[in-house]
Amino acid sequence: MISNKYGFFSDDKREFIITNPKTPRPWFNYMWNEKYAGLISHTGGGFSFFESPRDNRISRMRYNCLPWDRPGRYVIIKDTASKDYWSLSWAPTIDRNYDHYECRHGQGYTKIKTEIFGIRGEITYFVPEDISCEIWRVKLTNLSNQSRNLEIYSFTELMMGNALNDIINQPNDKHFTDIKFNNEYQSIIATRRYWVLNKKVSVAQPNIDWKYNLLFTMTNEITGFDGSLDKFIGRWRSEANPQSIEDGRMNNSEITAGEPVAALQSKLTLAPGETNDFAVILAIAPKSEQNPFELLNWAKLKNIHFIDDKFGQVKNKWNKYLNNIEVNTPDEKFNTMLNVWNQYQAAVTFDMARNSGYYHGGLLFGTGMRDQFQDILGTVISEPQRVRSRLINALQYQFSNGSTLHNFFKLTGTGEKTNHSDTPLWIPFGLVEYINETGDISILDERVKYYDEGVGTVYEHMSKALDFSLATCTERGMPKIMNGDWNDTLDHIGPKGKGETVWGAFFLAYVLKKSFEIIEARNDSAKIAQYKSAYEKLQRITNEYCWDNQWYLRAFKDNGEPVGSSKNKQGKIFLNTQTWSVISGCAPQERADVALESCKKYLLTPFGMQIVFPSFTEVEDDVGLISRCVPGKKENGAVFNHASSWFILASIINRNADTAYDVYSRMLPLNSAKDIEKYEVEPYVYAEYVTSPDHPTMNQASHSWLTGTAVWMLRIGLDYILGFKTSYYGITMNPNIPSSWKGFKAERNFRGKRIKLNVSNPDCVNSSIKNMKINGKEVESNFIKVDDFDEEVINVDIILG
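Thresholds, definitions, all that
Residues numbered from 1 in each chain as written. Predicted model: local features only at pLDDT ≥ 70, side-chain atom pairs only at ≥ 80, totals over all residues. Heavy atoms only, no water. Axes fitted to C-alpha atoms, helices over the stretch in contact; angles between N-to-C directions. Helix = DSSP H or I, 4+ residues; strand = E, 2+ residues; numbered from the N terminus. Left-handed = near helix turned anticlockwise from the far one by under 90°. Contact = heavy atoms within 4.5 Å. Nonpolar A, V, L, I, M, F, W, Y, C, P; charged D, E, K, R; others polar. 1 Å grid on protein atoms, 1.4 Å probe; cavity = no way out; pocket = protein on both sides within 12 Å on 5 of 7 lines; lining within 4 Å. Points joined across faces, edges and corners; volume = space filled by probe spheres on them. Expected span 1.5 Å × (residues − 1). Buried < 20%, exposed > 50% of the residue type's maximum accessible area, 1.4 Å probe, protein only. Parallel < 35°, antiparallel > 145°, perpendicular 65-115°, else oblique. Core = buried A, V, L, I, M, F, W, Y, C linked by side-chain atoms within 4.5 Å. Pairing = 2+ DSSP bridges. Phe/Tyr/Trp six-rings, centres within 6.5 Å; stacked < 30°, edge-to-face > 60°. Salt bridge = Lys/Arg side-chain N within 4 Å of Asp/Glu carboxyl O.

(A) View of the packing of helix α8 (residues 332-352) against helix α9 (residues 369-379). For the pair α8 and α9, interaxial distance at closest approach is 8 Å and the crossing angle is 145°. In this structure, α8 meets α9 at a crossing whose hand is left-handed. Across the interface between the two elements, Ala 346, Ala 347, Thr 349 and Phe 350 of α8 pack against Gln 372, Asp 375, Ile 376, Gly 378 and Thr 379 of α9. Residue composition of the contact of α8 with α9, grouped by class: four nonpolar, four polar and one charged.

Next comes the structure, spelled out in structure tokens:
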């Protein structure tokens, strides 16, 4: 059993079960469909939103609040005889002495079970696949030998609208709230008369109506309600001791101004051993609908059997999603991540980007172009049509000259152009990955408008991204770093437009090379000649100007001084240029060996690869924000997991699978979180970074869930370690495993086929196929063109040696 002092995985690894609510940080999960989404913590905390976490926030989460993780989605039970009351999710009544607590985070749902004062409560939070709502499904059981008269209070603090404006302008923003109770449908209806959709913080006052109604109800008979937070909570109180609950009497408050809450009361008598099932529903509907209750089929939605069916649909969806990959290796932790939690986290990043999280608060970033075109790597296997639509939508934020917005907000169609040098290149990266998975080259003929003017085919969008990146190189052919590259904190290297990015040169070379197969398939001889020539030039100049004897430099400043040199006092060696010199194919073998060995010598930690060494301890304004970050955290010397994953990939390409897997294993959350008191964040998903030995809080992690690490670790594990390497024409089987593995089995779906791989490793090697059979017949090539097979299942047996 994989466990720590706070919890463990279920036998099927589909749930992480938390048994001690006093975790070092709130541990979160997600529940969402295409439009409605919510974060849900192990204590019922988090927030919900509709389409946009900044512009269309539904419920409120207070940042940096004490106690942590407030407010939330709460159901509080009160015993009318003893006057005791408690929450079914532990918080906010954290001072109660619970007899039992258990939280199960699963895929798309969270289930919390508590026992106290002779009452067992079970509450399951989820979002149905096809309804814009969240459901809190509750089961109460009387464990005592006497009848119990109970009062039930369900409540959540509302926000309704722009979350950033709520923080900076809350005293004024609360003058536009309408909350009433609908007797016919036994529901609270809440809305707002004012909606801020400014692109940024502004004193402008747009005269816009919030276009939605929120509906809040319980399936039990309702005996009271409140829309006023002040009335419900009372003066100098909190969610933990609302006045209305202590008094046992709701105020039935309807408001046209003030702080909003949706709070309902119900009463219930439970005989000894009796169980009662009910649900709390928070839904959203367009204000243009004359009867939103009919739109949502309210009577049906309030039926507990219908609710249970909807929950079953959520579980079935994730069964189908996760079934696309099945892995059985000697490493149980590797299996747990690839079979369940790595896939699941990648699905979350696809829909939440770096935008909707506990650490990424959903206030500023929107969806990054860089993130959108990377995050497709996980979901494209299971939901290629959704990925196709998402790619086409994102291309609308590219300019006709090939440059792009850096980030965009889907609801408003706005964004920010920051002139990061790498951003346009993620467009061809993502398009090629989509085509490699699906074979759907027809996407290149789709026509998509540019953000400024004109329309182009997807192929033209892709080509213009490459052409723009080539056109913005310096005289000697190196890409300008402009306002930064993938490492956003290298933002003062090239303010005069002369600074160069060495990593950017390798990345540009990589994306060019990656695109060759697709461009050749288009028979575009002019472009293939142009891009191959550009690739060869980048290969030549990076080795002519950027080698520093033991590793590659990171960048050149406007004045030509190198960054990431052995001659520098700090920031001598950067991980990314070493790894991408290999991934791009630009580094000659001897230099590849030396560069990666230098990484091991200076950057290897117990938790993965440090992004730079030594960390910056003095500010260098002509380098950037990296030198102002605290040493050992974030981009200034942390184990930045996203970058660390690229070392694994580079090591495999350089035929050092044992080193690659050693680092892969160190990075697995279940390993890097062994000392959970130091690590702190969720041990079942990757964090953005882990603090390196350069800081006293070594091993402390942060910014969990929303990180590109998820898709890269998934695809490096699947494509390069297990060996399912996709391309436009088919799939190549090429395992690169630890020599200690005697073999493994793995399956994955690919273009309508099920490929079942069985690998034997009797000689304890890393790779090198001695024998390969497909459906029992020995074959010469390890390439499979799946269209040549009529069978739905393709059995592949490989012996390494």
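Resuming the write-up.
(B) Looking closely at the layout of surface pockets. Of the voids in this model, the largest pocket is the one considered here, and its volume is about 1100 Å³. Residue assignment for the lining of the largest pocket shows that the elements contributing at least two residues are β22 (367-368), α9, β23 (407-409) and β24 (414-416). The greatest single-element share of the lining of the largest pocket, amounting to four residues, is contributed by α9. When grouped by side-chain class, the residues that make up the lining of the largest pocket number 13 nonpolar, 18 polar and twelve charged. Here the second largest pocket is characterised by a volume of approximately 770 Å³. What lines the second largest pocket is a set of 29 residues, and nearest its centre among them are Tyr 510, Lys 514, Ile 653, Tyr 720 and Lys 725. Those elements that place two or more of their residues in the lining of the second largest pocket are α11 (426-438), α13 (502-521), α15 (575-583), α17 (641-653), α21 (709-721) and β37 (724-726). Its residues placed into classes, the lining of the second largest pocket shows 13 nonpolar, eight polar and eight charged.

(C) Structural detail: α11. For α11, built from 13 residues, the straight-helix expectation of 18 Å at 1.5 Å per residue is met to within 8% by its first-to-last C-alpha distance of 18 Å. A large share of α11 lies buried, amounting to twelve of its 13 residues. For α11, the full list of buried residues reads Trp 426, Ile 427, Pro 428, Phe 429, Gly 430, Leu 431, Val 432, Glu 433, Tyr 434, Ile 435, Asn 436 and Glu 437. Positive backbone phi, approximately 75°, marks Gly 439, located one or two places after α11.

(D) Just the side chain of Thr 124, in detail. In this fold, Thr 124 is placed in strand β12 (residues 119-126). Ignoring anything within four residues of it in the chain, the contact list for Thr 124 reads Thr 110, Lys 111, Ile 135, Trp 136, Arg 137 and Phe 311.

(E) View of the packing of helix α12 (residues 458-471) against α13. Relative to each other, α12 and α13 sit at 150°, their axes nearing to 11 Å. Between α12 and α13, the angle falls in the class roughly antiparallel. As α12 packs across α13, the resulting crossing turns out to be left-handed. Here Tyr 459, Met 462, Leu 466, Ser 469 and Leu 470 of α12 lie close against α13, whose contacting residues are Leu 508, Val 511, Leu 512, Ser 515 and Ile 519.

(F) How the structure looks around the nonpolar core. Ranked by internal contacts, the top residues of the largest apolar core, which has 253 residues, are Val 75, Leu 140, Tyr 664, Trp 712, Leu 722, Met 733 and Ile 784. Top element by residues in this core is α13. It accounts for 13 residues. What Met 733 contacts, discounting residues up to four positions off in sequence, is Gly 723, Phe 724, Ile 755, Leu 757, Ile 769, Met 772, Asn 782, Ile 784, Val 796 and Ile 798.

(G) Structural view of the sheet that holds strand β15 (residues 177-182). Reading across from one edge, β1-β2-β3-β10-β11-β12-β13-β20-β17-β16-β15 is the order of the eleven strands in this open sheet, with antiparallel pairing throughout. Of all the strands in the sheet, the pair left with one neighbour each is β1 (3-4) and β15. Here strand β2 (residues 7-9) pairs with strand β3 (residues 16-18) via three bridges, running antiparallel. Across the sheet, residue Phe 8 finds its bridge partner in β3, namely Ile 17.

(H) Fine view of the packing of aromatic side chains. Going through the model one piece at a time under the given rule, you end up with 62 aromatic pairs. For the ring pair Tyr 397 and Tyr 451, a centre distance of 5.8 Å and an interplane angle of 40° mean the geometry is tilted. Here Tyr 397, found in the loop between α10 (384-394) and β23, pairs with Tyr 451, found in the loop between β25 (447-449) and β26 (455-457); they are 54 residues apart in sequence, far enough to count as distant. Taken together, a centroid distance of 6.2 Å and an interplanar angle of 25° make the contact between Tyr 602 and Phe 613 stacked. Of the two residues, Tyr 602 is situated in helix α16 (residues 589-603) and Phe 613 in strand β33 (residues 612-613); the sequence distance between them amounts to eleven residues. Using a relative accessible area of 30% as the deciding quantity, one classes Tyr 602 as partly exposed. Using a relative accessible area of 27% as the deciding quantity, one classes Phe 613 as partly exposed. Each member of the aromatic cluster is reached from another via a ring pair, and the members are Tyr 6, Phe 9, Phe 16, Trp 27, Tyr 30, Trp 32, Trp 318, Tyr 321, Trp 341, Tyr 344, Tyr 684 and Trp 705.

(I) Representation of the pattern of salt bridges. Going through the model one piece at a time under the given rule, you end up with 56 salt bridges. With a shortest N-O distance of 3.9 Å, Glu 51 and Lys 35 are connected by a salt bridge. One end of the pair, Glu 51, is in the loop between β6 (48-50) and β7 (57-59); the other, Lys 35, is in the loop between β4 (28-32) and β5 (36-41), and 16 residues separate them in sequence. You can call Glu 51 partly exposed: its relative accessible area is 32%. Relative accessible area serves as the criterion here: at 42%, Lys 35 is assigned to the partly exposed category. One salt bridge connects Arg 62 with Glu 239, and the closest N-O pair in it is separated by 3.5 Å. A residue pair is termed long-range when its members are at least 10 positions apart, and Arg 62 in the loop between β7 and β8 (74-79) and Glu 239 in the loop between α3 (229-233) and α4 (243-247) qualify at 177 residues. Accessibility expressed as a relative area gives 10% for Glu 239, which makes it buried. Because the salt bridges share partners, they merge into one network encompassing Arg 60, Arg 62, Arg 70, Glu 157, Asp 166, Glu 239 and Glu 259.

(J) Spatial organisation of the sheet that holds strand β43 (residues 783-784). Read from one edge to the other, the open sheet built from three strands follows the order β37-β38-β43, with strand pairing classed as antiparallel. The two strands at the open ends of the sheet, each matched to only one other strand, are β37 and β43.

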